Amino acid sequence: MRNDLGLSAGVTAQDDGVPRHVGIIMDGNGRWAAARGFPRLEGHRRGVKALRRTVRAAGELGVKYLTVYSFSSENWRRPPREVADLMMLLKRFIRNDLAELHGNGVRVRIIGSRDELMPDIRNLLIEAEELTRDNTNLTLIVAFNYGSRQEIAMAARRLAEDAAAGLLDPKLIDENLVASRLYTAGAPDPDLIIRTSGEERLSNFLLWQSAYAEFVFLPLHWPDFDGAALEQAISIYRGRQRRFGDVAAHSAPPSAMTGS
Ligand code: FPP
């Protein structure tokens, strides 16, 4: 099945061993700051710098999709001051970096619920997506107010609504149709998920999409992440055998994927 971006669903990895799609759980900003006696905001600020370095490095290495977990739907539980700081950093990132991203051929997409966001942020997100929509070097997907369970529930609800309205035969609901209703519709599944700071969990990030991803957990905190760390993670990824349920290794999932 081909989707709206002309990509074959499920076909992800590239033959040169560079993961086509990398997802990153940018963890450890608070611990990085605490270890230096800085406020948490300083850790997040340095986190934005690390993000900038990583986007550049990903483009240079030939990664085509980079998805970063910037604010989860659970992050609203943080103190209001920190939530406000993270909103402010997103705004600044888009305002300050949009021109450079656009100049470097980066297409920006933001995934997650926009309902709870302030109108000024919502407008900035639309502006970033519209300005960069035709760029093809790298797609930067910023997961902001994103939660994977909510995303899957939303997809199920939309399919149920279509079925109830008589627009869709429930018998036609398969993996591709569910994937086409997720925020990530049109992007290939991630090949590699990186989490920094030594934690080893997904925390509601790309649960559906990472069914066959390789996971690399690095001990460094996110503000210390850079191109060398990305290369290290990719080198670990290259050493993995991806079998997609088969006994033999594959560089991309077989088209009719039913394996475990
Ligand atoms: C996790 O560190 C990081 C976050 C919750 C936010 C990630 C945000 C950035 C990298 C900067 C903002 C970027 C944009 C584009 C808005 P943590 O605070 O959970 O660290 P800790 O586990 O050590 O406390």
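Residues numbered from 1 in each chain as written. Predicted model: local features only at pLDDT ≥ 70, side-chain atom pairs only at ≥ 80, totals over all residues. Heavy atoms only, no water.

(A) Here's a closer look at the overall build of the protein chain. Helix and strand counts for the protein chain come out as seven helices and six strands. Moving toward the C terminus, one meets the helices and strands of the protein chain in the order β-α-α-β-α-β-α-β-α-α-β-β-α. Its C-alpha atoms give the protein chain a radius of gyration of 18 Å, within 12% of the compact-globule value 18 Å for 260 residues. Taken along the three principal axes of its C-alpha coordinates, the protein chain extends 55 × 45 × 35 Å. Counting all 260 residues of the protein chain, 48% fall into the buried class. Residue pairs at least 24 apart in sequence account for 74% of intrachain contacts in the protein chain once pairs closer than 6 positions are excluded. Of the roughly 12,900 Å² that the protein chain leaves accessible, carbon and sulfur atoms contribute 51%. Here the protein chain contributes 34 positive and 33 negative side-chain charges, whose respective centroids are spaced 4 Å apart. (Helix = DSSP H or I, 4+ residues; strand = E, 2+ residues; numbered from the N terminus. Rg over C-alpha atoms; globule rule 2.2 N^0.38 Å. Buried < 20%, exposed > 50% of the residue type's maximum accessible area, 1.4 Å probe, protein only. Contact = heavy atoms within 4.5 Å. Areas by Shrake-Rupley, 256 points an atom, 1.4 Å probe, with all protein chains shown as cover. Lys, Arg positive; Asp, Glu negative; His and termini not counted. Charge placed at Lys NZ, Arg CZ, Asp CG, Glu CD.)

(B) Looking closely at the pairing of strand E4 (residues 138–146). Among the nine residues that make up E4, nine are buried, leaving the element largely enclosed by the rest of the structure. Across seven bridges, the pairing between strand E2 (residues 65–72) and E4 is parallel. What sits directly across from serine 72, in E4, is tyrosine 146. Note that strand E3 (residues 106–111) and E4 share six bridges and pair parallel. Paired with valine 108 across the two strands is leucine 140, which belongs to E4. (Pairing = 2+ DSSP bridges.)

Any link to function would need more than the numbers given here.
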